[in-house]
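Architecture and fold: a report
Next come the chains, spelled out residue by residue.
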Amino acid sequence: MRDFERLRNLMVETQLIPRGIKDKRLLDVMRKVPRHLFIPETSWDDAYEDMALPIGENQTISQPYMVAIMTELLELKGDERVLEIGTGSGYQAAILGELAGEVYTIERIEALAHKAKNRLGEMGYTNIYVVIGDGSKGLPEKSPFDRIIITAATPEIPECLKSQLAEGGIIVAPVGQRFSQILIKAKKIKGTFKQEYHTPCIFVPLIGEYGWKE
Ligand code: SAH
């Protein structure tokens, strides 16, 4: 039996802290949430390595550092309502569920959505809602959200998502070309957006009405 707890601590000490992740609550949650349970058992040897991994359907679970920096940029305090676009494995949603009040997460591929929903349910999360659909359109009926995180590459942040964000809210998204993006944090201040540019990154594409075509 592998010592996953030790590997998780090692992941935090060698991949996250040296790269500048500081949020104490986030680091504690990254030490706790079992990333291996979100990937196929055949990849468990690599579960806490410094990389993205395949989760089926041509999709990936993000590199731990990418999950950490995106979450840190969201500045979660504990009671926020969060929207995630791109559930994938559900790992990022679990991290958000630990740190925020309520999480809505949208996935376009039904098989992934079902797996993520079951997995999160079995783990005991009751504040995470998995929705099947085109997340590029957001979830207007549950808006406004305090935070929005897009975990798929997008040519730009869709206007409809901007309008579903509450005043003072934050959106984090990988924005750019199909095979290379930059992580953007955008804060809504008096209806306008103040943008910061962070690390370069590579995500699978957002496919949908306000993303790329299939
Ligand atoms: N956050 C995930 C990784 C995301 S991979 C995790 O923690 O594992 C990106 C995911 O976005 C893929 O599962 C892909 O199917 C999904 N996706 C792409 N376009 C989408 C859209 N328009 N709406 C919802 N999900 C989308």
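Structure shown above.
Residues numbered from 1 in each chain as written. Predicted model: local features only at pLDDT ≥ 70, side-chain atom pairs only at ≥ 80, totals over all residues. Heavy atoms only, no water.

This next bit is on the nonpolar core. With 51 residues, the main nonpolar core has Met30, Tyr91 and Ile95 as its most contacted residues. Elements supplying a minimum of two residues to this core: helix H1 (4-16), helix H2 (24-32), strand S1 (53-56), helix H3 (64-73), helix H4 (91-99), helix H5 (110-122), strand S5 (128-132) and strand S7 (165-176). The element contributing the most residues to this core is H3, with seven residues. Not counting residues within four places of it along the chain, the set of residues in contact with isoleucine 95 comprises Leu26, Val29, Met30, Val33, Val67 and Thr71. Counting 18 residues, the second largest nonpolar core, distinct from the first, contains Ala152, Val175, Ile184 and Leu206. (Core = buried A, V, L, I, M, F, W, Y, C linked by side-chain atoms within 4.5 Å. Buried < 20%, exposed > 50% of the residue type's maximum accessible area, 1.4 Å probe, protein only. Helix = DSSP H or I, 4+ residues; strand = E, 2+ residues; numbered from the N terminus. Contact = heavy atoms within 4.5 Å.)

Bringing the pattern of salt bridges into the picture now. Side chains bearing opposite charge may pair, as long as their charged atoms lie close to each other. According to the stated counting rule, one finds 10 salt bridges in the structure shown. Salt-bridge contacts for glutamate 209 lead to lysine 137; the nearest nitrogen and oxygen are separated by 3.6 Å. Placement of the pair is glutamate 209 in the segment after strand S9 (192-201) and lysine 137 in the loop between S5 and strand S6 (145-150), with a sequence separation of 72 residues. (Salt bridge = Lys/Arg side-chain N within 4 Å of Asp/Glu carboxyl O.)

Position of glutamine 181 relative to the elements: it lies in strand S8 (residues 181-189). Classification of glutamine 181 by relative accessible area gives buried; the value is 5%. A distance of 3.2 Å separates the side chain of glutamine 181 from the backbone oxygen of arginine 178, its partner in a polar contact. At 2.8 Å, the side chain of glutamine 181 and the backbone nitrogen of phenylalanine 203 are in polar contact. Leaving out residues up to four positions away in the same chain, glutamine 181 has contacts with Ala153, Pro174, Val175, Gly176, Thr199, Pro200, Cys201, Ile202 and Phe203. (Polar contact = N/O pair within 3.5 Å; in protein donor to acceptor, adjacent residues only side chain to side chain.)

This paragraph deals with H5. In a regular helix each residue adds 1.5 Å, so 13 residues correspond to 18 Å; H5 covers 18 Å between its end C-alpha atoms and thus fits that length. Along H5, the residues that are buried comprise Leu112, Ala113, Ala116, Arg119 and Leu120. Along the axis of H5, the buried positions cluster into a sector of 135°, meaning they face one direction only. Turned more than 90 degrees off the buried face of H5, the exposed positions are Asn118 and Glu122. Among the residues trailing H5, glycine 124 stands out with phi positive, at a value near 95°. (Expected span 1.5 Å × (residues − 1). Arc of directions from axis to C-beta.)

The next point concerns the sheet that holds S7. Spatial ordering of the open sheet is given by S5-S4-S3-S6-S7-S8-S9, a layout of seven strands whose pairing is mixed. The open sheet has two edge strands with one neighbour each: S5 and S9. Across this sheet, the average inter-strand angle for adjacent strands is 15°, counted without regard to direction. Bridge count for S6 against S7 is four bridges, and the pairing is parallel. Bridged to isoleucine 149 within S7 is valine 172. (Pairing = 2+ DSSP bridges. Axes fitted to C-alpha atoms, helices over the stretch in contact; angles between N-to-C directions.)

This part is about unusual backbone geometry. Serine 143 connects to proline 144 through a cis peptide bond whose omega is 5°. Structurally, proline 144 is set in the loop between S5 and S6. Within the chain, glutamate 75 stands out as a residue other than glycine whose phi angle is a positive 50°. Inspection of the secondary structure assignment puts glutamate 75 in the loop between H3 and strand S3 (81-85). Relative accessible area serves as the criterion here: at 30%, glutamate 75 is assigned to the partly exposed category. We note that lysine 190 has phi near 50°; this positive angle belongs to a residue other than glycine. Within the secondary structure, lysine 190 is located in the loop between S8 and S9.

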